[in-house]
Number of protein chains: 2
Amino acid sequence: MKTTQIGNAWKGAERCENCAIRHLVLFSDLQKSDFDQIHQPIDDISYKPGSIVYGQSDHMEFVYTIRSGLVKLVQYLPDGNLRIVRILGQGELLGIESLNTQVAEHKAITLDPVQLCRIPHSVITLLQQNSPGIHNALIARWQKMLNMADLWITQLSTGKIRTRVSRLLLLLSKNSLDDTFYMPTREDIGNILGITTESASKVTAEFKRNGWLKLLENNHAQVDENKLEI
Amino acid sequence: MKTTQIGNAWKGAERCENCAIRHLVLFSDLQKSDFDQIHQPIDDISYKPGSIVYGQSDHMEFVYTIRSGLVKLVQYLPDGNLRIVRILGQGELLGIESLNTQVAEHKAITLDPVQLCRIPHSVITLLQQNSPGIHNALIARWQKMLNMADLWITQLSTGKIRTRVSRLLLLLSKNSLDDTFYMPTREDIGNILGITTESASKVTAEFKRNGWLKLLENNHAQVDENKLEI
DNA sequence: CATTATAATTGAAATTTTTCAATGTAATTT
DNA sequence: AAATTACATTGAAAAATTTCAATTATAATG
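Nothing here was measured: the structure is a model prediction, and the numbers come from that model.

Below, the discussion takes up the overall build of chain A. In terms of regular secondary structure, chain A is built from nine helices and 12 strands. Relative to the globule expectation of 17 Å for 230 residues, the C-alpha radius of gyration of chain A, 19 Å, shows essentially globular dimensions. Counting every position in chain A, which comprises 230 residues, the buried fraction comes to 52%. The long-range share in chain A, meaning contacts at least 24 apart out of those at least 6 apart in sequence, stands at 71%.

Residue and element names in this part refer to chain A. The computed volume of the largest pocket comes to approximately 1100 Å³. Taken together, 35 residues line the largest pocket, and the ones lying closest to its centre are Leu70, Gly89, Gln90, Asn175 and Ser176. Within the residue set of the lining of the largest pocket, elements represented by two or more residues are strand 6 (82-88), helix 5 (133-156), helix 6 (161-175) and strand 10 (181-182). By residue number, the principal contributor to the lining of the largest pocket is helix 5, which donates seven residues. When the residues that make up the lining of the largest pocket are grouped by side-chain class, the tally is 17 nonpolar, 13 polar and five charged. The calculated volume of the second largest pocket comes to roughly 880 Å³.

Right, let's get into the relation of the copies chain A and chain B. Superposing chain A onto chain B takes a rotation of 180° plus a shift of 0.0 Å along the axis, which leaves an RMSD of 0.0 Å. One copy is carried onto the other by what is essentially a two-fold rotation axis. Here 100% of the contact residues of chain A are again contact residues in chain B; the copies associate through an equivalent surface.

What follows concerns the protein's contact with DNA strand C. Contacts to DNA strand C come from 17 residues, most closely from A:Ser199, A:Lys202, B:Arg186, B:Lys208 and B:Arg209. A breakdown of the atoms of DNA strand C within 4 Å of the protein gives sugar and phosphate a share of 72%. B:Arg186 has a polar side-chain atom sitting 2.9 Å from a phosphate oxygen of DNA strand C. One of the side-chain nitrogen or oxygen atoms of B:Thr204 is found 3.4 Å away from a phosphate oxygen of DNA strand C. Secondary-structure elements contributing two or more residues to the surface near DNA strand C are helix 8 (197-209) of chain A together with helix 8 (197-210) of chain B. Looking at the surface near DNA strand C, the element that brings in the most residues is helix 8 of chain B, giving seven residues. Partitioning the surface near DNA strand C into residue classes produces three nonpolar, five polar and nine charged.

The next point concerns the sheet that holds strand 5 (residues 71-76) of chain A. All names here are of chain A. The sheet built from four strands is open, its strands ordered 3-8-5-6 with antiparallel pairing. At either end of the open sheet lies a strand with only one pairing partner, and these are strand 3 (52-54) and strand 6. Ignoring which end each strand starts from, the neighbouring axes of this sheet average 30° apart. Inspection of the sheet shows strand 3 paired to strand 8 (residues 107-110) by two bridges, in the antiparallel sense. Looking at strand 8, one finds that Tyr54 is bridged to Ala108. Of the strands in this sheet, strand 5 and strand 6 touch helix 7 (residues 186-193), which is tilted by about 100° from strand 6.

All right, on to the sheet that holds strand 10 of chain A then. Note: strands within a sheet are paired through backbone hydrogen bonds, in either parallel or antiparallel orientation. Residue and element names in this part refer to chain A. Pairing in this open sheet of three strands is antiparallel, and the strands run 10-12-11 from one edge to the other. Strands with a single pairing partner mark the edges of an open sheet, and in this sheet they are strand 10 and strand 11 (213-215). Pairing of strand 10 with strand 12 (residues 220-223) involves two bridges; the strand directions are antiparallel. Note on strand 12: the bridge partner recorded for Phe181 is Ala221.

Turning next to the protein's contact with DNA strand D. Around DNA strand D, the structure places 17 residues, and the nearest of them are A:Arg186, A:Lys208, A:Arg209, B:Ser199 and B:Lys202. Here DNA strand D approaches the protein such that, of its atoms within 4 Å, sugar and phosphate make up 71%. In the environment of DNA strand D, a base nitrogen lies 3.1 Å from a nitrogen or oxygen atom belonging to the side chain of A:Lys202. Within the side chain of A:Arg209, an N or O atom sits 2.6 Å from a phosphate oxygen of DNA strand D. Broken down by element, the residue count for the surface near DNA strand D peaks at seven residues, all from helix 8 of chain A. Residues that form the surface near DNA strand D fall into these classes: three nonpolar, five polar and nine charged.

We now examine the environment of B:Asn218. Mapped onto the fold, B:Asn218 is located in the loop between strand 11 (213-215) and strand 12 (220-223). Expressed as a C-alpha distance, the spacing of B:Asn218 and B:Asp112, which sit 106 residues apart in the sequence, is 9.3 Å.

Before going further, it helps to examine the domain arrangement of chain A. The accessible area lost on association of the parts is a frequent measure of interface size. Residues and elements named next belong to chain A. Per the domain assignment, the segments making up chain A are domain 1 (2-144) and domain 2 (159-228). Computed from C-alpha coordinates alone, the two centres of domain 1 and domain 2 are separated by 28 Å. Opposite the seven residues of domain 1 that make contact, domain 2 presents six residues. Here domain 1 meets domain 2 over a buried area of about 710 Å², counting both sides, of which 60% is carbon and sulfur. Taken together, the links from domain 1 to domain 2 amount to one salt bridge. A salt bridge links Lys72 to Asp188; the nearest nitrogen and oxygen atoms lie 3.0 Å apart. Joining domain 1 to domain 2, the criterion identifies five residue pairs in polar contact (both at pLDDT 80 or more).

Each value, and the rule that gives it
Numbering of residues starts from 1 in each chain and follows the order in which that chain's sequence is written. A letter from A marks each chain and a number from 1 marks each ligand, given out in the order of writing. Residue-level local features of this predicted model are given only where pLDDT is at least 70; pairs of side-chain atoms are given and counted only at 80 or more, and the full residue set underlies all totals for whole chains, interfaces and linings. The side-chain quantities take in all heavy atoms of the structure and omit both hydrogens and water. Counting from the N terminus, the helices are the DSSP runs of H or I reaching at least four residues and the strands are the DSSP runs of E reaching at least two. The globule rule is 2.2 Å times the number of residues to the power 0.38, and the radius of gyration it is compared with is taken over C-alpha atoms. Accessible area is worked out with a 1.4 Å probe on protein chains only. A residue is then buried under 20% of its type maximum, exposed over 50%, and partly exposed in between. By the convention used here, residues are in contact when the closest approach between their heavy atoms is within 4.5 Å. Site definitions follow a grid-based scheme: protein atoms alone, a 1 Å grid, a 1.4 Å probe that fits but cannot get out for cavities, and for pockets an open set with protein on both sides within 12 Å along at least five of seven lines, plus lining residues having an atom within 4 Å of a point. Grid points are joined across faces, edges and corners, and a volume is the space filled by probe spheres set on the points. Note on residue categories: nonpolar means Ala, Val, Leu, Ile, Met, Phe, Trp, Tyr, Cys or Pro, charged means Asp, Glu, Lys or Arg, and polar means any other residue, Gly included. Least squares is the method used to superpose the copies, on C-alpha atoms of residues holding a pLDDT of at least 70 in both. We call a residue near a molecule or strand whenever a single non-hydrogen atom of that residue lies within 4 Å of it. Polar contact criterion, stated in full: a pair of N or O atoms within 3.5 Å, where within protein one must be able to donate a hydrogen and the other to accept it, and residues adjacent in sequence count only if both atoms are side-chain atoms. Pairing between strands is defined by DSSP: at least two bridges between the two strands are required. Simply put, an axis is a line fit to the C-alpha atoms, just over the touching stretch for a helix, and the angle between two N-to-C directions goes from 0 to 180 degrees. Source of the domain bounds: an automatic or database domain assignment. Take the accessible area each of two parts loses on contact, using a 1.4 Å probe, and add the two losses: that sum is the buried area. Every case where a carboxyl oxygen of Asp or Glu lies within 4 Å of a side-chain nitrogen of Lys or Arg is listed as a salt bridge.

Encoded structure:
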């Protein structure tokens, strides 16, 4: 975990102001004067694949903007079982729920090399008082999260396994910028769909045999969207 | 569908101000001066069980506060299949997502006799500009929705059917104010859990035979929480 | 109250999914 | 490059779930 301080007590958030992906993040609507209010350091942190950003029930003092990479949100059942409830990517906010409760609802684990900006709760609170634009940015994130959660229920937890694996791969493919996408491990596919690792493997192996799914370097893959959509 | 106008162009929202469940609804934090800004009518509407409040993809100009009763949110898959993604009760907001997009993400159907307050989007927009308290009230609803959605994924879409039916009944029971709760039809249980009506029936019938579930008048029921928790 | 319609239950067979154990493959370390 | 480790695949049997068809119970209606 490598940390670079983006702003600090005297420099404020000038680097946020000029951030290459600012249009994608929470601060897109802010003005220069808004940035001048920020006096807490906003750190830019790099994570290796498989790193735990925070754990379920952790006390939280930060939220995290994803600059690049993918993060899975995992939730545990009382019996120790778990389910992956979302996968978040660039521009999305980790730990948004902790702004109100100070507690993380999920465990957040990086899937690939990830860069996050760590924003203190106090920065958000301050902006909420003085920079009304931040509200819409936050609500937009809530809305996106809820849409994704509903999609998880409707598309990924309903129907036969083959259908659900198809829907997941299509989703990953269509959300990707190029024609390849991050291919989760079979275990993760299982935990996304609520099925066993073996069942996930049987279906993905079948798709590969059919030529509908091609595995590439670096945990990436490519699908024939037309074939899977049937 | 019986409508009573709560406020109107000249009376404003004085009845909202004195609403018996105001502490539970979106307007809990508002001051007298806030209510004085409201000049659009807020109607109080009664629905019979099984009424459609709005449909998926409907153009929306209102959100709805639940004064009493239960409402299910249904989402359709492209193939015509459907899933119930949430059940909402007193104090919760229907159509919150339409505040940003003007479009309903779900079909909303009443489960029992329901009373709703229909609030024009314009009222919320106005309050967002002048009454900062409304933001927290809205965010609290987003957060509750997302918690419920995650719970639906983790608890209700994971595991064997018997476990999932147990979890659902426990959830309904624990969210209820008294020791009875609204018992969904077996078809609805199926659409909540993503299983067939028959499977839902087989398990609930078994619970009844075991004496763990008792059906009462009026689509209500009671469970032995200790037995189901095993 | 009798009738009709709707919802719930049940059982047996078919299908799907999991389980368990073994093997194959790929990536990483020594 | 060999050894080790982790991940992926496969097959057969067991278990869970769906399907389909029939029956029973409950609610709604004239």
